[in-house]
Amino acid sequence: MVSTYTNPEYPFVRSPDQDASPAAHHPVIIIGAGPSGLSAALDLALQGVATVLLDESNTVSYGSRAICFAKRTLEIMDRYGCGDRMVEKGVTWKIGKVFFRDQQIYEFNLLPEDGHKMPAFINLQQYYFEEYMVERCADFAHIDLRWLSKAGDVQVYPDRVALTVTTPAGDYPLSCDYLLVADGAGSPIRESLGLEMTGQVFYDRFLIADIVMKSQDFPTERRYWFDAPFHRNHSVLLHKQPDNVWRIDMQLGWDADPEQESQPEKVIARIKAMLGEDVEFEPEWLSVYTFRCRRMRDFIYRDRVLFMGDAAHQVSPFGARGANGAVQSVENLCWKLKRVLSGEAPPALLVTYNLERSHGADENLLNSTRTADFITPKNHISHVFRDEVLRLAADHPFARPLINSGRLSCPCTLDGSPLNTPDADDFRPQMRPGAVCRDAPVLTDGRPDWLLRHLGNRFTLMVCGGEAERRALASFPAIADLQLLTIGFDCHCALPGTRIDDVRRFMQSAYQLRPGTCYLIRPDQHVCARWRRLDLASVSTAMARALGRSLHSHGAAA
Amino acid sequence: MNPKTLNTEPNFASPDDFYAALNDLFAGANDEEVERISARLILLLANHIGDLVVLTEAMAIAGSIKKAGDDPASS
């Protein structure tokens with residue numbers, strides 16, 4: 001098979017910890033340098049927290065796994081400082097075609113949404129995603145990334161976590177205040193602690209084939225077949241990745257023999273039937289997978305071990321919610337962990353990681369299960385409805401939104417979180433407490449810029465200008481961990497914090513701004529409170545609430 | 001079962017014409033066609049109504065013939 005990518009080989013470097021006695025202690029150790037572990041290291045580094053990141057291998061993902069990264073993930077990557085590179089390398093498609101048997105049912109064009117720095121999604125092989133993050137980690141002296149270092153023998157004590165690291169140079173012990181576990185769906189650490197996951201197995205198998213097209217001219221469009229004529233009664237997805245690599249995701253059914261179905265001759269014959277005899281290609285990666293939708297009941301074990309990504313929650317691949325959901329979980333956790341470590345927030349704040357991300361995990365599970373049920377109808381009558389939806393969609397646009405071949409991951413709104421301060425003033429639900437901030441084009445010092453570049457890592461108080469606010473801001477006290485962002489002040493007066501201008505009025509409508517409107521925004525760019533008037537006491541109370549100071553202690557976590 | 005939003009009061013301008021048309025629709029259809037026609041009709045009308053509250057109330061009345069125990073959610 002051909003290969004468009006050569007995995008980097010990262011060296012094993014002997015750590016001074018290997019010779020330490022007693023065992024070296026670190027505030028945070030992360031297990032697994034995949035999308036979740038790398039995100040956690042970068043997020044914590046940006047907030048000044050040193051981490052040790054352990055990975056048993058010496059390279060990034062083998063073969064292409066996750067390939068679709070949604071806007072919210074890219075915004076988070078932009079905060080980490082590697083978003084631009086991903087977008088530059090990634091490909092995006094606009095034309096999508098849906099087929100039912102031998103008929104093209106309809107074609108759609110995803111017009112880009114104006115007013116966001118990041119596109120709705122990109123397709124990018126997971127190995128590039130990881131490689132760019134690994135390279136970004138090198139910019140931080142306080143990320144200690146250790147390759148060929150396998151963690152095991154985890155012991156949890158009330159005041160610390162101990163573990164053993166196995167390396168080519170022998171074993172050594174380590175301890176930490178908090179252990180972040182991101183060692184994948186099969187999570188050896190989760191298994192070793194005897195922690196269960198609940199959920200369901202889907203009785204279906206899929207074949208992934210990544211192929212390299214000889215010609216550069218194959219149209220960049222997504223094609224999805226229901227009941228494909230070249231693969232009867234099964235669905236097939238074709239879409240593009242960078243390097244002229246195309247992903248084919250072919251449903252095989254539960255009874256298929258995975259060994260036999262992934263024989264190159266058999267796969268190649270199927271792909272020829274799909275693309276036409278004259279399209280030349282070479283396979284780069286073939287694998288058969290089944291999937292589970294399941295999650296841990298509690299992502300936190302005995303207050304000190306925090307599970308992330310696939311180790312904590314797994315979904316079907318439909319809708320690209322695995323890696324995208326994982327990165328959102330990580331960013332939810334890291335700002336909280338930082339503030340618990342610094343003593344700014346009580347340990348109970350960490351409990352809300354489980355609470356808020358359970359909400360996200362459940363939403364992802366629900367969406368991907370619904371897609372699975374549309375692609376593989378569970379019974380006869382579901383099949384009848386599915387097929388009629390597809391047939392009607394050819395001539396009747398109303399049926400098209402019912403077609404579900406995957407719903408792209410959208411950031412979830414943390415409704416009902418105890419960290420939110422519910423609206424007391426007059427606002428529409430859009431951008432309510434719990435929502436992730438929508439990006440907007442702004443001007444900073446007269447130069448084009450983006451709103452989200454000014455949010456994150458710290459709390460932000462965003463104040464929309466008025467005369468009363470100008471006076472209030474003049475005597476606004478400096479609050480540690482809170483930065484000020486001012487918008488729409490007409491005056492040339494001196495104001496504290498960063499000043500941006502909403503010249504294109506995107507913010508005015510999205511955030512329902514008028515003079516006096518204030519938003520308090522968490523370090524993970526979620527709104528936690530908003531008001532129509534600036535009031536220092538309300539801001540302090542809302543910030544204390546967002547830091548979990550009004551939560552009851554987690555004490556009894558088992 | 002008391003629907004709050006779904007109109008279950010008479011609403012047909014000419015009930016007999018509707019009923020005849022409904023029967024004509026299925027006349028001569030085999031079992032497979034009956035299923036397909038029914039499914040299409042439900043989908044078209046459901047979209048026209050659009051309001052999930054109305055649709056859920058209608059589905060609750062339609063589904064009430066299911067024997068208790070078949071569906072724990074319907075009891």
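Higher on the page you've got the structure.
Note that the structure is a prediction, hence the values are computed from the model and not measured. (Residues numbered from 1 in each chain as written. Chains lettered and ligands numbered in written order. Predicted model: local features only at pLDDT ≥ 70, side-chain atom pairs only at ≥ 80, totals over all residues. Heavy atoms only, no water.)

### Considering the pairing of strand E22 (residues 447-450) of chain A
Each regular strand displays side chains that alternate between the two surfaces of the sheet. All names here are of chain A. Short version of the rule: When DSSP finds at least two bridges between two strands, those strands are taken to pair. By the criteria applied, helices consist of DSSP H or I runs no shorter than four residues and strands consist of E runs no shorter than two, each listed in order from the N terminus.
Alignment of strand E21 (residues 441-444) against E22, held across four bridges, turns out to be antiparallel. Counterpart to Pro441 in the pairing with E22 is Trp450. Joining the antiparallel neighbours E21 and E22 is a turn of two residues, in which Asp445 adopts a positive phi near 50°.

### What about the sheet that holds strand E24 (residues 482-487) of chain A?
Pairing between sheet strands relies on hydrogen bonds along the backbone, with the strands arranged either parallel or antiparallel. Residues and elements named next belong to chain A. As a reminder, the rule being used: To obtain an axis, a line is fitted to C-alpha atoms, over the contacting stretch when the element is a helix, and the angle between two such axes runs from 0 to 180 degrees between their N-to-C directions. The contact rule is simple, with two residues in contact once any of their heavy atoms fall within 4.5 Å.
Spatially, seven strands are ordered E22-E21-E25-E24-E23-E26-E27 in an open sheet, and the strand pairing comes out mixed. Strands with a single pairing partner mark the edges of an open sheet, and in this sheet they are E22 and strand E27 (527-531). Pairwise comparison of adjacent strand axes, ignoring direction, gives a mean angle of 30° for this sheet. As paired strands, strand E26 (residues 518-521) and E27 are joined by four bridges and run antiparallel to one another. Bridging across to E27, Leu520 finds its partner in Ala529. Each of strand E23 (459-464), E24, E26 and E27 touches helix H13 (residues 536-546); the most contacted strand, E27, lies at about 165° to it.

### What about unusual backbone geometry?
All names here are of chain A. What counts is decided by this rule: Whether a residue is buried, partly exposed or exposed follows from its accessible area with a 1.4 Å probe, protein chains only, as a fraction of its type maximum: under 20%, in between, or over 50%, in that order.
Going from Ser21 to Pro22, the amide bond is cis rather than trans, its omega being 0°. For Pro22, the location among the structural elements is in the segment before strand E1 (24-31). At Asp303, a position not held by glycine, the phi torsion is positive, near 65°. Relative to the assigned elements, Asp303 resides in the loop between strand E18 (300-301) and strand E19 (305-307). Judged by its relative accessible area of 30%, Asp303 falls in the partly exposed class.

### Thoughts on a nonpolar patch on the surface
What counts is decided by this rule: Each patch is built from residues that are more than 30% exposed by relative accessible area and take part in no salt bridge. Like charges join if they lie within 9 Å; nonpolar side chains (Val, Leu, Ile, Met, Phe, Trp, Tyr) join within 5 Å. Surface accessibility in these figures is a Shrake-Rupley result with a 1.4 Å probe; residues are shielded only by whichever protein chains are displayed. By convention in these notes, a salt bridge is any Lys or Arg side-chain nitrogen within 4 Å of a carboxyl oxygen on Asp or Glu.
A cluster of nonpolar side chains, namely B:Phe12, B:Phe18 and B:Tyr19, defines an oily patch on the protein surface of about 350 Å² accessible area. Secondary-structure assignment places B:Phe12 in the segment before helix H1 (15-26).

### Topic: the side chain of A:His313
Residue and element names in this part refer to chain A. Relative to the helices and strands, His313 is located in strand E20 (residues 313-314). According to the relative accessible area criterion, His313 is buried, its value standing at 9%. If we ignore the near neighbours within four places in the chain, the residues touching His313 are Met197, Arg294, Arg295, Phe299, Gly325, Ala326, Ser329 and Ala361.

### Re the pattern of salt bridges
Residues and elements named next belong to chain A. Counting across every chain of the model gives 41 salt bridges over all chains. Between Glu113 and Lys71 there is a salt bridge whose closest N-O contact spans 3.4 Å. In this pair, Glu113 sits in the loop between strand E5 (103-109) and strand E6 (121-123) while Lys71 sits in helix H2 (residues 71-80), placing the two residues 42 residues apart along the sequence. Look at Glu113 and you get exposed, because its relative accessible area is 51%. Note that Asp373 is salt-bridged to Lys378, the shortest N-O span being 3.5 Å. Judged by its relative accessible area of 67%, Lys378 falls in the exposed class. If you follow the salt bridges from partner to partner, you end up with Asp43, Arg72, Glu75, Arg79 and Glu331 in one network.

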